[in-house]
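Results of the structural survey
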Amino acid sequence: MNANAYIGLGANLGKPKDTFEKALDLISQFATIEKLSRLYHSAPFGFSEQPPFTNAAVSISTAHSPNDLLIRLQDTEKKLGKKVIHKNGPRIIDLDLLLWGDQIIETKELILPHPGILKRDFVLLPLLDLNPDLIHPAWGAKTLKSALSGLQTKFIENLPEDWNY
């Protein structure tokens, strides 16, 4: 059974766009890339003493379970050299499993939908690029657009950048 899933990409070390493309090459070995968002540039979240981030999102089709997909994404991060220097700190790559179909999961290893989706413009805007009508049962009546309009703090700094992968 194939499921649609959404993955968030973030980086602020090295050349994020190049790293994202390498990540997508690796992801395409275990999932089908359906659509890419634009690239967004944002101020750091949580730990401010670091360079700005580049963020994007990708929709995929996968036959892997949520847990197996998470393990494969973590393996991809390791292959690309991810090291956690500081919580919410600088990183060469961050791959977040945001959504896997309509699944609601809360385990030690995985929470779906990702708890930060509706609180961060650098996640909401790339998801809106991919699917402006995206909804999830866990969000009740809240939509991506209503969540974005209700945000108190915004991190996106410039206009988004198109990229071709």
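Preceding this paragraph is the structure being described.
The present account deals with the structure reproduced in this document. (Residues numbered from 1 in each chain as written. Predicted model: local features only at pLDDT ≥ 70, side-chain atom pairs only at ≥ 80, totals over all residues. Heavy atoms only, no water.)

Once that is clear, we can look at the overall build of the chain. Looking only at helices and strands, the chain has four helices and seven strands in total. In the chain, the order of α-helices and β-strands from amino to carboxyl end is β-α-β-β-β-α-β-β-β-α-α. Against the 2.2 N^0.38 benchmark of 15 Å for 165 residues, the chain shows a C-alpha radius of gyration of 15 Å, consistent with a compact globule. Projecting the C-alpha coordinates of the chain onto the three principal axes gives extents of approximately 40 × 35 × 35 Å. Looking at the chain as a whole, 48% of its 165 residues are labelled buried. Restricting to contacts in the chain with at least 6 residues of sequence separation, those with at least 24 account for 73%. (Helix = DSSP H or I, 4+ residues; strand = E, 2+ residues; numbered from the N terminus. Rg over C-alpha atoms; globule rule 2.2 N^0.38 Å. Buried < 20%, exposed > 50% of the residue type's maximum accessible area, 1.4 Å probe, protein only. Contact = heavy atoms within 4.5 Å.)

Take Ala23: it is sitting in helix 1 (residues 16–27). Along the primary structure Ala23 and Gly101 are separated by 78 residues, whereas in three dimensions their C-alpha atoms are 21 Å apart. Not counting chain neighbours up to four residues away, the residues in contact with Ala23 comprise Thr76, Leu80, Ile93 and Leu95.

A few words now on helix 1. Spanning twelve residues, helix 1 covers 16 Å between terminal C-alpha atoms, matching the ideal 16 Å at 1.5 Å per step. Those residues of helix 1 that fall on the buried side of the exposure criterion are Pro16, Thr19, Phe20, Ala23, Leu24, Leu26 and Ile27. Down the axis of helix 1, the smallest arc covering the buried residues is 160°, so these residues share one side. Summarising the contacts, the buried residues of helix 1 are in contact with strand 1 (3–11), strand 2 (32–36), strand 4 (53–62), helix 2 (66–79) and strand 5 (94–100). (Expected span 1.5 Å × (residues − 1). Arc of directions from axis to C-beta.)

What follows is about the packing of aromatic side chains. In this structure the tally under the stated criterion is four aromatic pairs. Ring geometry for Phe45 versus Phe155: centroids 5.4 Å apart, planes at 70°, classification edge-to-face. One end of the pair, Phe45, is in the loop between strand 3 (40–42) and strand 4; the other, Phe155, is in the segment after helix 4 (144–149), and 110 residues separate them in sequence. Overall, the relative accessible area of 13% leaves Phe155 in the buried class. Centre to centre, the rings of Phe122 and Phe155 are 5.7 Å apart; their planes meet at 85°, and the pair counts as edge-to-face. Remark: Phe155 occurs in the segment after helix 4 and Phe122 occurs in helix 3 (residues 121–130); sequence separation between them is 33 residues. Across the pair, exposure class does not vary: Phe122 and Phe155 are buried alike. (Phe/Tyr/Trp six-rings, centres within 6.5 Å; stacked < 30°, edge-to-face > 60°.)

Turning our attention to the pairing of strand 4. With ten of ten residues buried, strand 4 lies mostly within the body of the structure. Burial along strand 4 is two-sided: the face carrying Phe53, Asn55, Ala57, Ser59 and Ser61 and the face carrying Thr54, Ala56, Val58, Ile60 and Thr62 are both buried. When strand 1 meets strand 4, the two strands line up antiparallel, connected through nine bridges. What sits directly across from Gly10, in strand 4, is Asn55. Both strand 2 and strand 4 contribute to a ladder of four bridges, which runs antiparallel. Note on strand 4: the bridge partner recorded for Lys35 is Ser59. Of the pairings in the sheet, the one linking strand 3 to strand 4 comprises three bridges and is antiparallel in character. Bridged to His41 within strand 4 is Thr54. (Pairing = 2+ DSSP bridges.)

Such coordinate-based values are descriptive only and should not be taken to indicate function.
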